[in-house]
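Residue strings, one per chain:
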Amino acid sequence: MSRLHFASALLPSGWANDVQVVLTAGAIAEVTPGVTPSAGDERHAIALPGLASLHSHAFQRGMAGLAELRGDSTDTFWTWRETMYRFALAMTPDDVAAVATLLYVEMLEQGFTRVGEFHYLHHDRDGSHYADPAEMAARVAQAAEASSIGLTLLPSFYAHGSFGGAAPHDGQRRFICSVDQFAKLMTASHEAIAALPDANIGIAPHSLRAVAPDELAAIIPLAEGGPVHIHAAEQVKEVEDCLAWSGRRPVQWLLEHAPVDQRWCLIHATHMTDEEVGTFAKTGAVAGLCPVTEASLGDGIFPGREFADAGGLFGVGTDSNVLVGVAEELRQLEYGQRLKHRARNVLSSGAGRSTGRTLFDTALAGGARALAQPIAGLAPGARADIVTLDVAHPSLAGRARDAIIDGWIFAAGNGAIDCVWAGGNKVVESGRHKLRQAARERFNAAVRRLVA
Ligand code: NGQ
Ligand code: ZN
């Protein structure tokens, strides 16, 4: 058991002063506002709950910044994807473990205490299957265990190269499963995470490009009531190809043909009509926004204001992991809206309401729903995922309550986090994860080999 005391903490009911939090067995046991610190309490100034990165492809951290060289033709998402595939084809299971470990260390240092790992790099480099179908998933689980990040493993089903059941191309060979193979992968993936105290599992049909309708229907039961995540409507070409195939847009197709409800998370959902926005919002499914990656890949801008007005819930993910941080994602999300609407504080929930606070609360709730965490935030029964901020940071000087969140997201960025507890383990102190050095060395050795 350990006891923490915060001068100020963001609770589900709002900000509270003099909050004592008791941790037992990795979870929050008690939260008591309005008490003076007692001897033995570990004291900090400001506490926030950790957030989820609800969408990550961990291996892509290894190529961060390596696709910023203009090619012969116009660079697009699709040319980036070729670079990404080349990188993916080179990685061994140990490389994946090294890259994922540093990534999760960085996520924790930047305020993410749970990750939804949308995992599709399943097979060996030549496409042959490992003896253990969850060989790669086990490396992701190892990285989660070493770093203490909470893991929601989302094994991805990937079968086709494009809409209408087109054959996959050779660069996709490490991703491909039949429905039967995927069922075995799910069984093995359950085993791969069994030793992690707070891990859970769902499924990730990759996209309507990669999954045929009959396959989608066949794999949904394999989620066994857990989360279902799917990429949808990220690129205009994807919308056009989907229309050509089905006469429907990707989000529209899913809303009409799949049992989209609160268990579902539609990743990106960038390109939607007003009608899609309204219907999607009403399902209770989460929009999994990845603003940094969406900007990096030139996807477009999510209809954030419209979706929020329709009552939709979003969370954030780091996706390609080109740049990792809670503040980065939430700031980019709001800035995209500002650039689109030529206005300020677009996603704030109303007059006089802090934009940072609205973004933070929404991403907390959306991340928890998308990763099937029944209790979000600093509340009894929740995983003990707590972030403290460095009140000595100049961008936080003189601020209180919501202005602290605004200072962090919009001004301080990646320098404002002090300590992080994940599953009750205090893994980050003075902004540094205790594995940082070792994880960097292992990552650097792996990446040097991969780029050589
Ligand atoms: C992915 N990433 O699965 O890693 C995708 C690229 C695809 C993003 N969509 C591959 N950001 O969508 O076909
Ligand atoms: Zn993705």
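See above for the structure.
Figured I'd write up the structure that's included with this text. (Residues numbered from 1 in each chain as written. Chains lettered and ligands numbered in written order. Predicted model: local features only at pLDDT ≥ 70, side-chain atom pairs only at ≥ 80, totals over all residues. Heavy atoms only, no water.)

1. Points about the overall build of the chain
Across its full length, the chain carries 14 helices and 17 strands. Its C-alpha atoms give the chain a radius of gyration of 21 Å, within 12% of the compact-globule value 22 Å for 452 residues. Its C-alpha atoms give the chain principal-axis dimensions of about 65 × 45 × 45 Å. Put simply, the chain has 452 residues, and 58% of those count as buried. Long-range pairs, those at least 24 residues apart, make up 74% of the contacts in the chain with a sequence separation of at least 6. Of the roughly 17000 Å² of accessible surface on the chain, 50% is carried by carbon and sulfur atoms. When the 38 basic and 50 acidic side-chain charges of the chain are each reduced to a single mean position, those positions are 4 Å apart. (Helix = DSSP H or I, 4+ residues; strand = E, 2+ residues; numbered from the N terminus. Rg over C-alpha atoms; globule rule 2.2 N^0.38 Å. Buried < 20%, exposed > 50% of the residue type's maximum accessible area, 1.4 Å probe, protein only. Contact = heavy atoms within 4.5 Å. Areas by Shrake-Rupley, 256 points an atom, 1.4 Å probe, with all protein chains shown as cover. Lys, Arg positive; Asp, Glu negative; His and termini not counted. Charge placed at Lys NZ, Arg CZ, Asp CG, Glu CD.)

2. Digging into the nonpolar core
Formed by 127 residues in total, the largest nonpolar core has its most connected members in Tyr104, Leu151, Leu254, Trp264 and Trp408. A total of nine residues in this core trace back to one element, the largest contributor, which is helix α2 (residues 93-109). Core analysis: the second largest hydrophobic core is formed by 15 residues, Leu4, Ala47, Leu378 and Ala384 among them. (Core = buried A, V, L, I, M, F, W, Y, C linked by side-chain atoms within 4.5 Å.)

3. Topic: the environment of alanine 64
Assignment of secondary structure puts alanine 64 in the loop between β5 (51-56) and α1 (77-90). Using a relative accessible area of 29% as the deciding quantity, one classes alanine 64 as partly exposed. On a C-alpha basis, the gap between alanine 64 and leucine 323 in space is 7.5 Å, while along the polypeptide they are 259 residues apart.

4. Remarks on the pairing of strand β6 (residues 112-119)
For β6, a buried count of eight out of eight residues is recorded, marking the element as mostly surrounded by other parts of the structure. One ladder, built from four bridges, connects β5 with β6; its direction is parallel. Counterpart to alanine 52 in the pairing with β6 is arginine 114. Chirality of the crossover, the property in question, places the unit of β6, helix α3 (residues 135-147) and strand β7 (residues 150-157) among those that are right-handed. (Pairing = 2+ DSSP bridges. Right-handed = clockwise from strand over helix to strand, strands pointing away.)

5. Overview of the site of ligand 1
As a structural note, the neighbourhood of ligand 1 is formed by 14 residues, with Arg81, Tyr120, His206, Arg209 and Glu234 the closest of them. At a separation of 2.7 Å, an oxygen atom of ligand 1 approaches a polar side-chain atom of histidine 206. Measuring from an oxygen atom of ligand 1, one finds a side-chain N or O atom of arginine 209 at 2.6 Å. Protein chains bury 100% of the 340 Å² of accessible surface belonging to ligand 1 in isolation. Judged by the fraction of its atoms near the pocket grid, ligand 1 is located in the largest cavity. With four residues, the single largest contributor to the shell around ligand 1 is α1. (Near = heavy atom within 4 Å. Polar contact = N/O pair within 3.5 Å; in protein donor to acceptor, adjacent residues only side chain to side chain. 1 Å grid on protein atoms, 1.4 Å probe; cavity = no way out; pocket = protein on both sides within 12 Å on 5 of 7 lines; lining within 4 Å. Sits in = over half its atoms within 2 Å of the grid points.)

6. Re unusual backbone geometry
Leaving glycine aside, a negative phi is the common case for residues, and trans is the common case for peptide bonds. Of note in the backbone geometry, alanine 233 takes a positive phi value of approximately 55° without being a glycine. As for its placement among the helices and strands, alanine 233 is situated in the loop between β10 (228-232) and α6 (236-246). What makes alanine 233 buried here is its relative accessible area of 0%. For asparagine 345, which is not glycine, the phi dihedral falls at a positive 50°. Counting through the fold element by element, asparagine 345 comes out in the loop between α11 (326-341) and α12 (355-370). With relative accessibility at 37%, the residue asparagine 345 sits in the partly exposed group.

7. Observations regarding the sheet that holds strand β13 (residues 313-316)
Spatially, the four strands line up as an open sheet ordered β10-β11-β12-β13, and their pairing is parallel. The open sheet has two edge strands with one neighbour each: β10 and β13. If you compare each strand with its neighbour and ignore which way they point, the axes differ by 30° on average. The sheet contact formed by β10 and strand β11 (residues 264-268) spans five bridges and is parallel. Within β11, the position partnered with histidine 231 by the bridge is isoleucine 267. Along the sheet, helix α7 (residues 250-257) contacts β10 and β11; its crossing angle with β10, the most-contacted strand, is approximately 145°. (Axes fitted to C-alpha atoms, helices over the stretch in contact; angles between N-to-C directions.)

8. Here's the deal with the pairing of strand β4 (residues 42-49)
Bridging between strand β1 (residues 2-11) and β4 involves five bridges; their strand directions are parallel. Across the sheet, the residue bridging to serine 8 is isoleucine 46, located in β4. Across three bridges, the pairing between β4 and strand β14 (residues 386-389) is antiparallel. When the sheet's bridge partners are listed, leucine 48 is paired in β14 with valine 387.

9. Things to note about the side chain of glutamate 334
The residue glutamate 334 is located in helix α11 in this model. With a relative accessible area of 0%, glutamate 334 lands in the buried category. Within the structure, the side chain of glutamate 334 is placed 2.7 Å from the side chain of arginine 338, a separation counted as a polar contact. Excluding anything up to four places from it in sequence, glutamate 334 contacts Arg344, Asn345, Val346, Leu347, Thr355, Leu359 and Phe410.

10. A closer look at the packing of α3 against helix α4 (residues 179-193)
The description of two helices packed together rests on the angle between their axes and the distance between the axes. Contact geometry for α3 and α4: axes closest at 9 Å, N-to-C directions at 25°. By the angle between their directions, the pair α3 and α4 is classed as roughly parallel. Here the hand of the crossing between α3 and α4 comes out right-handed. Side by side, α3 and α4 meet where Ala137, Ala138 and Ala141 of the first sit next to Ser189, Ala192 and Ile193 of the second. (Parallel < 35°, antiparallel > 145°, perpendicular 65-115°, else oblique. Left-handed = near helix turned anticlockwise from the far one by under 90°.)

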